[in-house]
Amino acid sequence: MTHDAVIIGAGFGGMGAAIQLNRLGLDDICILDREDDLGGTWHVNHYPGLAVDIPSSTYSYSFEPNPYWTRLFAPGAELKKYAEHIADKYDLRRYMRFGQVVERAVWDTDGQRWNVTTADGQVVSGRYLLTATGFLSQPKMPDIPGIETFRGKVIHTSKWDDDYDLTGQRAAVIGTGATAVQLIPTISDRLAELTVYQRTAIWVSAKPDYPVPAAVRKVFASIPLTQRAVRLAGSSILEMMMVAGVLHYRDFQMANRLGEIACRAHLRRQVRDPELRRKLTPDYSFGCKRPTFSNDYYPTFNKEHVHLETEGISHIDATGIVTQDGQRRDIDVLVLATGFNLWDTNFPALEIVGRDDRNLGEFWRKNRFQAYEGITIPGFPNLLSLNSPYAYSGLSYFTTIESQMKHMARLFAEMNKRGADTFEVTEEANADFLSRMTAKVGDSVFVLGQCATANSYYFNQHGEATLLRPTTTLSTFREAGNFPLEDYSYA
Ligand code: NAP
């Protein structure tokens, strides 16, 4: 049996795609997810301190605002609840199958369908394949010599063990990205000793985070326009930061400098020790890697039992960590806040084989990372790859999701009009898009700033910043609704 569509991933991307397919009249949908419940990132991540790191009012579908966020930056559990609400309200659970690790998807030219194979050997077929496997879903385990010999507890932040009691333990946290910035202050007080191993410092600014009073939530619920106004204000600020501070670095270097100045001032206010401040100050331009917000990250390092270690790690043994200078520290628990692997294992997150045996992973690695409008690739008919190079637009993931939903609406309307069964983006349209994006990235901090020491996951293994779409979100939306229909071939 061939479904209308197979969606891989039951997070916000996959659910948005399913909602859109429903609106376009497709109801025979199968959503496969490797986890045991829906929510993607917000199901998988539940480490202490998890919260959304942009204002919550901007982090939801625009057509389904949530008036009940309790804080300006809502805690992770509320995001998970919102995901459940979406699944229920849009009746999406009936499509979902959990515990399904998808290994391979192969285009069947004769049958004009995608055959999707799971780890337990099942084959699920669909006329369309939509991959919504997330940008940050493949945990990165550091290849530090001896790590496998450590006899204490090891936890990656994306596989947090809620039953493990940290009280009175000597812990090491490796990594100082956005995850570590949330985690470290939250766990520090219950630990006997905490050493943070920092390889690259992160720009951190003050977090304007406040509880949303019940009365305000009531107003949001009863007069949705009020929340729309707040969302518009929040989105505009984020957009300004992104466009002026990052994408148009050539013209607005001052905006980028202001971001850096704000972070430096925040650090100066919170940390008195000049040596500690020096260590916590990044040596790369603001925006080369995702900066973050926190009011309690820096002060954590003022505590006597918290140490910031900037000497590189030499190796790990059964009971502790040894740094390059030969110093060792005994620990009971090793926390890996080491992030995610995008460019080796996530683009794509499974083997995808298109027309004429074209392998998507190989294609991307050999021919540069690329996807027309961040969603389709030549040689892959009827594939919508939602987590593609240049897909991520703006700072809220929902901007990306909704612009892709818009792209789907235009594409499927044209398919219907023509009575077509397949679509495929043309090589020319894809090449034009890639060269346009490459030129635009040339104006950004990624090319013109000092990013060499940032170790940023925005950059792929060839040194190209091909994750974020270097245009305004307005232009992303405009193109999603207006791309030339002849950029696709239909059959
Ligand atoms: P990340 O930003 O990639 O940070 C990983 C950290 O681990 C970096 O400091 C990295 O150092 C370090 N590291 C990795 N391998 C290492 C090794 N072998 N030795 C020493 N250090 C190593 O990952 P993340 O903090 O999980 O954040 C990823 C993204 O998730 C964020 O940028 C953000 O977009 C998102 N996020 C969102 C939220 C939210 O909205 N709630 C919360 C957390 C994260 P180098 O920099 O030197 O490689």
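What comes next concerns the included structure. Just so we're clear, the structure is a prediction, and the values are computed from it rather than from any experiment.

## A word on helix H14 (residues 473-482)
Regarding H14, the residues found buried are Thr-473, Ser-475, Thr-476, Glu-479 and Ala-480. With its buried residues spanning 160° around the axis, H14 presents them on a single face. Summarising the geometry of H14, the exposed residues directed more than 90 degrees from the buried face are Leu-474, Arg-478 and Asn-482.

## Considerations on the packing of helix H1 (residues 12-23) against helix H11 (residues 397-418)
Closest axis-to-axis distance for the H1/H11 pair is 10 Å, and the angle between their directions is 30°. It follows that H1 is roughly parallel to H11 by the angle criterion. Relative to H11, the crossing made by H1 is right-handed. Touching Phe-12, Gly-13, Gly-16, Ala-17, Ile-19, Gln-20, Leu-21 and Arg-23 of H1 are Tyr-397, Phe-398, Ile-401, Met-405, Lys-406, Met-408, Ala-409 and Phe-412, all from H11.

## Details of the site of the ligand
Every one of the 25 residues lining the ligand counts as a neighbour, but Ala-51, Thr-179, Thr-200, Lys-289 and Tyr-457 are closest to it. Within the backbone of Ala-337, a nitrogen or oxygen atom sits 3.2 Å from an oxygen atom of the ligand. Contact between the ligand and Asn-455: an oxygen atom at 2.8 Å from a side-chain N or O atom of the residue. Considering every element that reaches the shell around the ligand, the biggest residue donor is helix H4 (residues 178-188), with 3 residues. Each residue belonging to the shell around the ligand can be placed in one class, and the counts come to 11 nonpolar, 9 polar and 5 charged.

## Things to note about the pattern of salt bridges
Scanning all chains against the criterion turns up 31 salt bridges. Among the salt bridges present, the one from Asp-91 reaches Arg-94, with a minimum N-O distance of 3.2 Å. The partner of Glu-479 in a salt bridge is Arg-436, and the shortest N-O contact between them spans 2.9 Å. With Glu-479 in helix H14 and Arg-436 in helix H12 (residues 427-441), this residue pair connects regions lying 43 residues apart in the sequence. The exposure class assigned to Glu-479 is buried, which follows from its relative accessible area of 17%. Using a relative accessible area of 33% as the deciding quantity, one classes Arg-436 as partly exposed. Each of Glu-373, Arg-436, Arg-469 and Glu-479 takes part in one network of salt bridges that share partners.

## Here's the deal with the state of the cysteines
Overall, the coordinates contain 1 disulfide when judged by the stated rule. One disulfide in the model links Cys-288 with Cys-451; its S-S distance is 2.0 Å. Taking the sign of the S-S torsion, -80° for the link of Cys-288 and Cys-451, the bridge is left-handed. With Cys-288 in the loop between helix H8 (274-280) and strand E11 (292-293) and Cys-451 in the loop between helix H13 (445-448) and H14, this pair connects stretches of sequence that are 163 residues apart. Owing to a relative accessible area of 0%, Cys-288 belongs among the buried residues under this scheme. The closest cysteine sulfur to the non-disulfide-bonded Cys-263 is located on Cys-288, 13 Å from its own sulfur.

## Some words on the nonpolar core
Counting residues in hydrophobic clusters, the biggest one holds 132 residues, and the most contacted among them are Phe-12 and Met-15. The residues that make up this core include at least three from each of domain 1 (2-138 + 342-490) and domain 2 (147-208 + 235-336). Each residue touching Phe-12, except ones within four places of it in the same chain, is listed here: Trp-42, Tyr-59, Tyr-61, Leu-79, Tyr-82, Ala-83, Phe-398 and Ile-401. Counting residues in each nonpolar core, the second largest holds 12 residues, with Ala-172, Ile-313, Ile-331 and Leu-334 among its members.

## Concerning the sheet that holds strand E13 (residues 313-316)
The strand order E13-E14-E15 describes an open sheet built from 3 strands, whose pairing is antiparallel. With partners counted over all chains shown, the strands left at the sheet margins are E13 and strand E15 (328-330), one partner each. Averaged over all neighbouring strand pairs, the angle between strand axes comes to 20°, with direction disregarded. Sheet analysis places E13 next to strand E14 (residues 320-323), joined by 3 bridges and oriented antiparallel. In the sheet register, Ile-316 faces E14, and the bridge partner there is Ile-321.

## What to know about the sheet that holds strand E7 (residues 153-156)
Strand order in the open sheet formed by 5 strands is E7-E16-E8-E9-E12, with parallel pairing between adjacent strands. If you trace the sheet from one side to the other, it starts and ends with E7 and strand E12 (306-309), each paired once. Here the average twist between neighbouring strands, direction ignored, is 15°. When strand E9 (residues 193-197) meets E12, the two strands line up parallel, connected through 4 bridges. Counted as the bridge partner of Thr-195 is His-307 from E12. The sheet contacts of H4 involve strand E8 (170-174), E9, E12 and strand E16 (333-336), and relative to E8 the element is tilted by about 170°.

Reading the values: rules and limits
- Residues numbered from 1 in each chain as written.
- Predicted model: local features only at pLDDT ≥ 70, side-chain atom pairs only at ≥ 80, totals over all residues.
- Heavy atoms only, no water.
- Buried < 20%, exposed > 50% of the residue type's maximum accessible area, 1.4 Å probe, protein only.
- Helix = DSSP H or I, 4+ residues; strand = E, 2+ residues; numbered from the N terminus.
- Arc of directions from axis to C-beta.
- Axes fitted to C-alpha atoms, helices over the stretch in contact; angles between N-to-C directions.
- Parallel < 35°, antiparallel > 145°, perpendicular 65-115°, else oblique.
- Left-handed = near helix turned anticlockwise from the far one by under 90°.
- Contact = heavy atoms within 4.5 Å.
- Near = heavy atom within 4 Å.
- Polar contact = N/O pair within 3.5 Å; in protein donor to acceptor, adjacent residues only side chain to side chain.
- Nonpolar A, V, L, I, M, F, W, Y, C, P; charged D, E, K, R; others polar.
- Salt bridge = Lys/Arg side-chain N within 4 Å of Asp/Glu carboxyl O.
- Disulfide = S-S within 2.5 Å.
- Core = buried A, V, L, I, M, F, W, Y, C linked by side-chain atoms within 4.5 Å.
- Domains from an automatic or database assignment.
- Pairing = 2+ DSSP bridges.

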